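Below, each chain spelled out in residue letters.
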Amino acid sequence: METVADNWGTLALVALTEGSYRFNALRRRVDGVSEKMLAQTLHALERDGLVTRDVQATFPPRVEYTLTAPGARIAETLRALIDALEAEIPAIMTAREDYDRRH
């Protein structure tokens, strides 16, 4: 749960709902993540059985990351949560303004 709840873990899982990604393409998709942090995140997600790492025997080796079935279920739930939060941004901003006026 620690890896999934982490900012980079969440963003990587949700990005992978769009399909398989090579490392650098995924790094571009998960804006702001460092190479080291993405590598650590993907390693942890693979260890947890949420992502598979497919190494193809080419020169240079081609590596792709894909969601497993459990990873896909979790990623879809995270995407639904993100969508719900984004839909509520106007209400959240109004609530913040009201709170700030009162305090």
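As shown above, the structure is provided for reference.
Quick caveat, the model's predicted, so the values are computed rather than measured. (Residues numbered from 1 in each chain as written. Predicted model: local features only at pLDDT ≥ 70, side-chain atom pairs only at ≥ 80, totals over all residues. Heavy atoms only, no water.)

Novice: I'm lost on a nonpolar patch on the surface in this one. Help?
Specialist: On the surface, Ile89, Ile92 and Met93 cluster together into a nonpolar patch covering about 240 Å² of accessible area. Looking at the element boundaries, Ile89 is found in helix α6 (residues 89-102). (Patch = residues over 30% accessible without salt bridge, like charges linked within 9 Å, V, L, I, M, F, W, Y side chains within 5 Å. Areas by Shrake-Rupley, 256 points an atom, 1.4 Å probe, with all protein chains shown as cover. Salt bridge = Lys/Arg side-chain N within 4 Å of Asp/Glu carboxyl O. Helix = DSSP H or I, 4+ residues; strand = E, 2+ residues; numbered from the N terminus.)

Novice: Can you help me understand the environment of Arg73 in this one?
Specialist: Inspection of the secondary structure assignment puts Arg73 in helix α5 (residues 69-87). Taking the relative accessible area as the measure of exposure, Arg73 reaches 57% and is therefore exposed. (Buried < 20%, exposed > 50% of the residue type's maximum accessible area, 1.4 Å probe, protein only.)

Novice: Whenever I open this one, the packing of helix α2 (residues 7-15) against α5 confuses me. Can you help?
Specialist: For any two helices packed against each other, one specifies the crossing angle of their axes together with the interaxial distance. Contact pair α2 / α5: the axes reach a minimum separation of 8 Å and the direction vectors enclose 105°. Considering the angle they form, α2 stands roughly perpendicular to α5. Facing α2, whose interface residues are Thr10, Leu13 and Val14, α5 presents Gly71, Ile74, Ala75, Leu78, Arg79 and Ile82. For the contact of α2 with α5, the per-class residue count stands at 6 nonpolar, 2 polar and 1 charged. (Axes fitted to C-alpha atoms, helices over the stretch in contact; angles between N-to-C directions. Parallel < 35°, antiparallel > 145°, perpendicular 65-115°, else oblique. Contact = heavy atoms within 4.5 Å. Nonpolar A, V, L, I, M, F, W, Y, C, P; charged D, E, K, R; others polar.)

Novice: Can you walk me through the pairing of strand β2 (residues 51-56) in this structure?
Specialist: Note on strand geometry: in a regular strand, side chains alternate between the two faces of the sheet. Alignment of β2 against strand β3 (residues 62-67), held across 6 bridges, turns out to be antiparallel. Considered in β3, the bridge of Gln56 is made with Arg62. Linking β2 to β3, which pair antiparallel, is a turn of 5 residues. (Pairing = 2+ DSSP bridges.)

So, to be careful, I would describe these as geometric facts and stop short of saying anything about function.
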